[in-house]
Amino acid sequence: QVQLVESGGGLVEAEGSLTLSCAVSGRSIYAMAWFRQAPGKEREFAAGITSSGRSTSYANSVQGRFTIARDDAKNTVYLQMNSLKPEDTAVYYCVAGSSITNLKAGLSAGWGQGTQVTVSS
């Protein structure tokens, strides 16, 4: 069973940057994704990366500003967030699954506890 622990959240001003990390434990190599949930809104997909790391996928709202990456030697997945906007304020969750497609469909092997990102205007 996979275990995921996020870190790196915090308070940042608009147009600032932040990098989230997700420590992954478990035997299998998974496709990974970052989801987020803003207050009063449904959880949404933000970014995903395949198990090989060769392909990535982004929500339109973060395309060009966020970058997802993985370092399997360190069992860590990252989300580099640049040009942050107040509407990026949310709890960010690291999620593991068999593919990005399945992750977007709500099928997962495990979720982290989430880390809060707050962007001030």
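Structure's up top.
Chemist: Can you walk me through the sheet that holds strand β8 (residues 76-81) in this structure?
Modeler: The strands making up a sheet are joined through hydrogen bonds of the backbone, oriented either antiparallel or parallel. Within the open sheet, the 4 strands sit side by side as β1-β3-β8-β7. Their pairing is antiparallel. Every interior strand has two partners, whereas the edge strands, β1 (3-7) and β7 (66-71), have only one. Strand-to-strand, the axes of this sheet are offset by a mean angle of 15 degrees, without reference to chain direction. Two elements, strand β3 (residues 18-25) and β8, share 6 bridges in a ladder whose sense is antiparallel.

Chemist: For this particular structure, what's the right way to read the pattern of salt bridges?
Modeler: A side chain of one charge can pair with a side chain of the opposite charge when the charged atoms of the two come close. Counting across every chain of the model gives 4 salt bridges. Between R65 and D88 there is a salt bridge, and its shortest N-O distance comes to 2.7 Å. Residue R65 is found in the loop between β6 (56-58) and β7, and its partner D88 is found in the loop between β8 and β9 (90-97); the two are separated by 23 residues along the sequence. Accessibility classification places R65 together with D88 in one group, the buried group.

Conventions and cut-offs
- Residues numbered from 1 in each chain as written.
- Predicted model: local features only at pLDDT ≥ 70, side-chain atom pairs only at ≥ 80, totals over all residues.
- Heavy atoms only, no water.
- Pairing = 2+ DSSP bridges.
- Helix = DSSP H or I, 4+ residues; strand = E, 2+ residues; numbered from the N terminus.
- Axes fitted to C-alpha atoms, helices over the stretch in contact; angles between N-to-C directions.
- Salt bridge = Lys/Arg side-chain N within 4 Å of Asp/Glu carboxyl O.
- Buried < 20%, exposed > 50% of the residue type's maximum accessible area, 1.4 Å probe, protein only.

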